[in-house]
Amino acid sequence: MKIYKTSKRPLVLIYVLLLLFLLLIKYALNLVTRFIPFTDYYVLLPLWIVVALFAVLVLPFYFHKCRFTVSSKEITAKGGLIITSKHFMLTEAVKSVTTVITPLSGLTGLNFVVLNTLGAKLMMPFLSKRDALEITAAINNTIRRRKIN
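Position numbers for residues start from 1 in each chain and track the written sequence from start to end. Given that the model is predicted, a residue must reach a pLDDT of at least 70 before its local features are reported, and side-chain atom pairs must reach 80 or more before they are shown or counted; all residues, however, enter totals for whole chains, interfaces and linings. Computation of side-chain values covers all heavy atoms of the structure but excludes hydrogens and water.

1. Structural notes on the pattern of salt bridges
Then comes step 1: The term salt bridge refers to a side-chain nitrogen of Lys or Arg lying within 4 Å of a carboxyl oxygen of Asp or Glu. Considering all chains together, one arrives at 3 salt bridges under this definition.
Then comes step 2: Glu 134 serves as the salt-bridge partner of Lys 2, at 2.9 Å between the closest nitrogen and oxygen. Within this pair, whereas Lys 2 is found in strand 1 (residues 2-5), its partner Glu 134 is found in helix 4 (residues 129-148), the two being separated by 132 residues in sequence.
Then comes step 3: Residue Glu 134 is joined to Arg 130 by a salt bridge in which the shortest nitrogen-to-oxygen separation is 3.7 Å. Placement of both Glu 134 and Arg 130 in helix 4 is noted, with a separation of 4 residues, approximately one turn of the helix.
Then comes step 4: Because the salt bridges share partners, they merge into one network encompassing Lys 2, Arg 130, Asp 131 and Glu 134. Helix numbering and strand numbering both begin at the N terminus, where a helix is a DSSP run of H or I of at least 4 residues and a strand a DSSP run of E of at least 2.

Here it is in structure tokens:
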């Protein structure tokens, strides 16, 4: 049984994208003030506060609580923000495994493993490339052994 955690690289990428989004909005407001003069930047303040709270409280908490356990008998996914959810799936029930490895996955950490069963799907997001490939190999070996027997 091995426990996998989410990679921290997607968190940094999300921070950069949020910062770029806020700077883009600020730039757009600067362009608008040339045509419609108003000096109140209080329009941006609530947006900055919401994004800051989201980035400082919600995202790190989600990445910290997310855990995946893979063994020869069962797969467990634990995560959530306020309410923790646990998903159990028997390894014998897995019919196929889909691995999504994005370009520049070594830098971004945006790798996903999707386990498909009859009537259910379990997604393991934000894994490192090594962990995603390791999980896929372990489950594929289990599926192959089951087909041989």
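After that view, the rundown keeps rolling.
2. Description of the nonpolar core
Then comes step 1: Within the largest apolar cluster, 18 residues are counted, with the highest numbers of intra-cluster contacts made by Ile 75, Val 113, Leu 115, Met 124, Leu 127, Ile 135 and Ile 139.
Then comes step 2: Taken together, the elements giving at least two residues each to this core come down to strand 2 (67-70), strand 3 (74-79), strand 6 (111-117), strand 7 (120-127) and helix 4.
Then comes step 3: At 4 residues, the largest contribution of residues to this core is made by helix 4.
Then comes step 4: In what follows, residue pairs with any heavy atoms lying within 4.5 Å of each other are defined as contacts. Setting aside its immediate chain neighbours within four residues, Val 113 contacts Val 97, Thr 98, Thr 99, Leu 122, Met 123, Met 124, Leu 127, Ala 132, Ile 135 and Thr 136.
Then comes step 5: With 9 residues, the next largest nonpolar core counts Val 51, Ala 55, Leu 59 and Phe 63 among its residues. Throughout this description, the term nonpolar core refers to a set of buried Ala, Val, Leu, Ile, Met, Phe, Trp, Tyr and Cys residues connected via side-chain atoms within 4.5 Å. Think of it in three bands: with a 1.4 Å probe and only protein chains considered, a residue is buried below 20% of the maximum accessible area for its type, exposed above 50%, and partly exposed in between.

Geometric descriptors of this kind do not, in isolation, establish any biological role.
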